[in-house]
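# Structural overview
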Amino acid sequence: MRTLALGNNFLIFKSRSQLVKTARHGSCLVKRMVVVAIFVVASAGVLMAIPDASATALEREALRLSALLDSARAQSRASGLAITWKQTDNGFEFEGIPKIKNNKTGELEDVVSYPKTWLNTETTVDAGSRLALGPEPVIAKQELVLKNAGRSLTLSTDGIRPFAIKSSDQTL
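So, here is what we can say about the structure in this document. A quick note: this is a predicted structure, and the numbers were derived from the prediction, not measured.

## Looking at the overall build of the protein
- A count of helices and strands for the protein gives two helices and nine strands.
- Expressed as a percentage of its 172 residues, the buried residues of the protein come to 26%.
- In the form shown here, the protein has an accessible surface area of approximately 12000 Å², with 60% of it arising from carbon and sulfur atoms.

## Focus: the nonpolar core
- Ranked by size, the top nonpolar core spans 21 residues in total, and within it Leu-65, Leu-69, Trp-85, Phe-94 and Leu-133 carry the most contacts.
- Among the elements of the structure, helix H2 (53-79), strand E2 (92-95), strand E7 (142-148) and strand E8 (151-157) are those that each provide at least two residues to this core.
- No other element matches the six residues that H2 contributes to this core.
- Not counting residues up to four positions away in its chain, the partners in contact with Leu-69 are Trp-85, Phe-94, Leu-131, Leu-133, Leu-155 and Phe-163.

## Comments concerning the packing of aromatic side chains
- Enumeration according to the criterion identifies five aromatic pairs in this entry.
- Pairing Trp-85 with Trp-118 gives two aromatic rings, centres 6.5 Å apart and planes at 65 degrees, and the pair type is edge-to-face. Of this pair, Trp-85 sits in strand E1 (residues 84-87) while Trp-118 sits in the loop between strand E4 (108-110) and strand E5 (124-125), and the two are 33 residues apart along the sequence.
- According to the relative accessible area criterion, Trp-118 is buried, its value standing at 10%.

## What to know about the pairing of E7
- Of the two faces of E7, only the one carrying Gln-142, Leu-144, Leu-146 and Asn-148 is buried; Glu-143, Val-145 and Lys-147 on the other face are not.
- Relative to E8, E7 is paired through seven bridges, and the arrangement is antiparallel. Note that in E8 the partner of Lys-147 across the bridge is Ser-152.
- Two successive antiparallel strands, E7 and E8, enclose a turn made up of two residues, where Ala-149 displays a positive phi of approximately 50 degrees.

## Looking at the pattern of salt bridges
- If you walk through the whole model with that rule in mind, you get eight salt bridges.
- Residues Glu-93 and Lys-86 are paired through a salt bridge, measuring 3.5 Å at the closest nitrogen-oxygen approach.
- Glu-93 sits in the partly exposed class, given a relative accessible area of 23%.
- One salt bridge connects Arg-161 with Asp-158, and the closest N-O pair in it is separated by 2.7 Å.
- On the basis of relative accessible area, Arg-161 is assigned to the exposed category, the value being 57%.
- In this structure, a network of salt bridges that share partners links the residues Lys-86, Glu-93, Glu-95 and Arg-130.

Cut-off values and rules
- Residues numbered from 1 in each chain as written.
- Predicted model: local features only at pLDDT ≥ 70, side-chain atom pairs only at ≥ 80, totals over all residues.
- Heavy atoms only, no water.
- Helix = DSSP H or I, 4+ residues; strand = E, 2+ residues; numbered from the N terminus.
- Buried < 20%, exposed > 50% of the residue type's maximum accessible area, 1.4 Å probe, protein only.
- Areas by Shrake-Rupley, 256 points an atom, 1.4 Å probe, with all protein chains shown as cover.
- Core = buried A, V, L, I, M, F, W, Y, C linked by side-chain atoms within 4.5 Å.
- Contact = heavy atoms within 4.5 Å.
- Phe/Tyr/Trp six-rings, centres within 6.5 Å; stacked < 30°, edge-to-face > 60°.
- Pairing = 2+ DSSP bridges.
- Salt bridge = Lys/Arg side-chain N within 4 Å of Asp/Glu carboxyl O.

That's the geometry; what it means functionally is another story.
Now the structure itself:
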């Protein structure tokens, strides 16, 4: 029976093949550990690349609103009427949009029907927010801060350029 004690030949191998077999058994564990480490690093990299859902929702909301504001601004210039955007309890609305008579019902309807709610119900802006969108080709410098799930984005214009996201994601 082999025991690890002074004078025993436990660590001395009788042939080279025994030494190679013992070395192979140890390297198998090392190879597995290296593969697991590579997998862990790759998984961490993938998780870091996946964007945060609330940040993506807020950016989508900001891009949609900037497109709506620029569309209403163009409508204001084309019609010569002052159009304003304002925050409401359930979302927002555009005031001053030109109206046209519906031939079937006889009622006045907006020439362009803009949405009035946010895509995400948690999206908010500061109370009393209001933007003047024309009819002048150059409007005053304006900005609007959108908030959602502890994050905020600022939409702004210098009065000449279209509305755009001024600052990247800021955590409140």
